[in-house]
Amino acid sequence: MGSMNKTAVFAALALITSPLSAGEAEMNRLLADWQQQVTTWQQSVQAAATPEAQAGIPEPDAAAFAPSLWQSISAQTGNRREKITRGKGRKAREEVVSVPTYEFDAAWALPAIIWFLQHPESLSAAFDEDQKAQADYYADAIIKSLIRVHFANPAIREICPVLAYNSGVREYELMQKIYNRNQDASTRAVAALSLSLMLNNPMISSVEGSEAMIRGKRIYYLKQSLLLADPKTPYGRFTLGDVAAEQTYRLRYLSEGCIPPQIKLHATDGRVVACPEQGKVNLVLFWSPEEQIGASIVAQLDKMKEKYPELQITPIAPFMTPEALQQAVQNVPGMERSLIDDSKASAGMAYRVSSLPFAILISKRSTVLFIGPPGVQLQSALDAAMKPQQQNRPKVSIEPAQQDAPIIQPGSQPRPAEDLPNSPGNAAPPALREMPRF
């Protein structure tokens, strides 16, 4: 909610420094009203006596607020010419077309755009049920507006964290543009940290080359963020320094090629077991009996062990009371083979498990081969890790040349072919073979 205060400040500054259009004035009034609602709600929560009373205080209704705010920035203002590409490959051709422009393309509308991006589900509330296509169209137009116009505005740093955590390749390219072309150092720092975080996403990192190149860029952008701005610079609900420290931890322990944390947990029979086991390929699986995918994997551990007899499989379940654990061991297939996390979820925190199931594949050299939700990528990494080593090929020895073999020295005159032993003489040359077809 702290970012809302900054949004209100931007709106107030715009009100003081320039003449306002009708849309701009209405946007500022609405954002000020929203901030008042947020402030009143926060004060009510702080004054509540119990957690139950706090939970009973409704937050401001973003869905009800969105239509009025959208109305203030969505009027069409004209048209502009834009070059587009139609078709693909050899049939691709460029055309210049006329596209509409809107109030949200103006610099003054950025505070409202920030609000909508911070409340992503609210934009659809500005349209009726049968207008979903329009909502999608305008959501796309807003991103294009950021890429074309708003990337240079220092206030855009307010939404960099949002774009970093909910992003695709287009948002990554926008963040690169902010980092390279925005003139404000703090904004560039926030964009740099966002780029480092975005490269944790396989969909984005796949466009940036090898794993070594990707890791190098993560580290580069991370360092740049701390060089450009104070660590106390806000980054969403946290600070730049806090988020950078978290990214540093992930790059050091939880990236491919790194050595992950060593943890000790209790087995269901009370033994203390270290994980991962050194000298083996380890598959560590965080799961819960309450979710279906992980539970089905754990239930089929025998089949997996049969397919990969050399694989050390370690399921880790959430903390349970002794009574709940005893019942789970009796009723949940595979539970007796699991290790149990402690009441502080120390293992889950060490591996930064955000959702279940979550898998970590670790090589014999104790380096991370895969980390993330189990799926096709894990299966590919597992097959590659467990592939039998090829047997050593037999050595090929080259016999030394015989001493009596004829050797032609430079400048010598070899005998005519007809005088050589086993010469075919005047035999006809072999017939030419038909050229192969390709």
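Now for a description of the structure that goes with this document. Numbering of residues starts from 1 in every chain and runs along the sequence as written. Only residues with pLDDT of at least 70 get local features here, since the model is predicted, and only at 80 or more are side-chain atom pairs given and counted; chain-wide, interface and lining totals rely on the full set of residues. Computation of side-chain values: all heavy atoms of the structure, hydrogens and water removed.

**Description of the overall build of the chain**
A tally of helices and strands in the chain yields 17 helices and eleven strands. Each residue is assigned to one of three classes by its accessible area relative to the maximum for its type, calculated with a 1.4 Å probe on protein chains only: buried under 20%, partly exposed between the two thresholds, exposed over 50%. Relative to its full complement of 438 residues, the chain shows a buried share of 38%. Should any heavy atoms of two residues lie within 4.5 Å, those residues are considered in contact. The contacts of the chain with a sequence gap of at least 6 include a subset with a gap of at least 24, amounting to 64%. Computed by Shrake-Rupley with a 1.4 Å probe, the accessible areas treat only the displayed protein chains as cover when residues are assessed. Taken as a whole, the chain presents about 27,200 Å² of accessible surface, with 54% of it coming from carbon and sulfur. Helix and strand labels come from DSSP, where a helix needs a run of H or I of at least four residues and a strand needs a run of E of at least two; each type is numbered from the N terminus.

**Some details on the sheet that holds strand 9 (residues 339-340)**
Sheet strands line up and pair through hydrogen bonds in the backbone, either parallel or antiparallel. With respect to topology, seven strands assemble into an open sheet ordered 6-5-9-8-7-10-11, the strand pairing being mixed. The open sheet has two edge strands, strand 6 (272-275) and strand 11 (368-372), and neither has a second partner. Between any two strands, at least two bridges found by DSSP are needed for them to pair. By the bridge criterion, five bridges tie strand 7 (residues 281-286) to strand 10 (residues 358-362) in an arrangement that is antiparallel. Paired with Phe-286 across the two strands is Phe-358, which belongs to strand 10.

**Focus on helix 11 (residues 211-228)**
The end-to-end C-alpha distance of helix 11 is 26 Å, a good match for the 26 Å that 18 residues give at a rise of 1.5 Å each. Tucked into the core, helix 11 has its buried residues touching helix 8 (169-181), helix 9 (185-198), helix 10 (202-205) and helix 12 (240-253). Helix span, expected: 1.5 Å multiplied by one less than the number of residues in the helix.

**Notes on the environment of Ala-229**
Topologically, Ala-229 is positioned in the loop between helix 11 and strand 3 (234-235). Along the primary structure Ala-229 and Thr-187 are separated by 42 residues, whereas in three dimensions their C-alpha atoms are 8.5 Å apart. Every residue in contact with Ala-229, bar those within four places of it in the chain, is listed here: Ser-186, Ala-189 and Leu-240.

**Quick notes on the environment of Arg-157**
Residue placement: Arg-157 occurs in the loop between helix 6 (132-148) and helix 7 (160-165). Along the backbone, Arg-157 and Ala-191 are 34 residues apart, and their C-alpha atoms lie at a distance of 7.0 Å. The contact partners of Arg-157, leaving out residues within four places of it in the chain, are Asp-184, Ser-186, Thr-187 and Val-190. Within the local environment of Arg-157, its side chain forms a polar contact with the side chain of Asp-184, the two groups lying 3.0 Å apart. By the criterion applied in these results, polar contacts are pairs of N or O atoms within 3.5 Å in which, for protein atoms, one can donate a hydrogen and the other can accept it, and in which residues neighboring in sequence qualify only through two side-chain atoms.

**Remarks on the pairing of strand 8 (residues 311-317)**
Taken across its seven residues, strand 8 has seven buried, putting it largely inside the fold. Burial along strand 8 is two-sided: Leu-311, Ile-313, Pro-315 and Ala-317 and Gln-312, Thr-314 and Ile-316, pointing in opposite directions, are all buried. Inspection of the sheet shows strand 7 paired to strand 8 by six bridges, in the parallel sense. Among the inter-strand pairings, Leu-285 is bridged to a residue of strand 8, identified as Pro-315. Looking at chain direction, strand 8 and strand 9 are connected through two bridges and run parallel. In the sheet register, Ile-316 faces strand 9, and the bridge partner there is Leu-339.

**Digging into unusual backbone geometry**
For the peptide bond that leads from Cys-275 to Pro-276, omega is 0°, which places it in the cis range. Here Pro-276 lies in the loop between strand 6 and strand 7. Going from Leu-356 to Pro-357, the amide bond is cis rather than trans, its omega being 0°. Inspection of the secondary structure assignment puts Pro-357 in the loop between helix 16 (346-350) and strand 10. At Arg-352, a residue that is not glycine, the phi angle is positive and equals roughly 55°.

**What about the packing of helix 11 against helix 12?**
Orientation is described by axes fitted as lines to C-alpha atoms, over the contacting stretch for helices, and by angles from 0 to 180 degrees between their N-to-C directions. Here helix 11 crosses helix 12 at 155°, and the two axes come no closer than 10 Å. One way to sum up the angle between helix 11 and helix 12 is to call them roughly antiparallel. Remark: the crossing between helix 11 and helix 12 carries left-handed chirality. Note on element contacts: helix 12 touches helix 11 through Leu-240, Ala-244, Gln-247, Thr-248 and Leu-251, opposite Arg-215, Arg-218, Ile-219, Leu-222, Ser-225 and Leu-226. Angles are sorted into four bins: roughly parallel if under 35 degrees, roughly antiparallel if over 145, roughly perpendicular if 65 to 115, and oblique for all others. In a left-handed crossing the near helix is turned counterclockwise from the far helix by less than a right angle, and in a right-handed crossing that turn is clockwise.

**Structural notes on the packing of aromatic side chains**
Centre distance and the angle of the planes are the two values used to describe a pair of aromatic rings. Working definition: a ring pair exists when centres of Phe, Tyr or Trp rings (six-membered ring for Trp) sit within 6.5 Å. Plane angles under 30 degrees give stacked, over 60 give edge-to-face, the rest tilted. Inspection of every chain in the model, using the stated rule, returns 16 aromatic pairs. Between Trp-70 and Phe-127 the ring centres are 6.0 Å apart and the planes differ by 55°, which places this aromatic pair in the tilted class. Separated by 57 residues along the polypeptide, Trp-70 in helix 4 (residues 62-73) and Phe-127 in the loop between helix 5 (110-118) and helix 6 bring together distant segments of the chain. Overall, Trp-70 belongs to the buried group, its relative accessible area being 5%. By the criterion adopted, a ring carries a charge over it if an Arg CZ or a Lys NZ lies within 6 Å of its centre and within 35 degrees of its normal. Above the face of the Tyr-179 ring, Arg-188 is positioned so that its terminal group lies 4.6 Å from the ring centre. Its guanidinium or amino end placed over the ring of Tyr-249, Arg-352 lies 4.0 Å from that ring's centre, counting from NZ or CZ.

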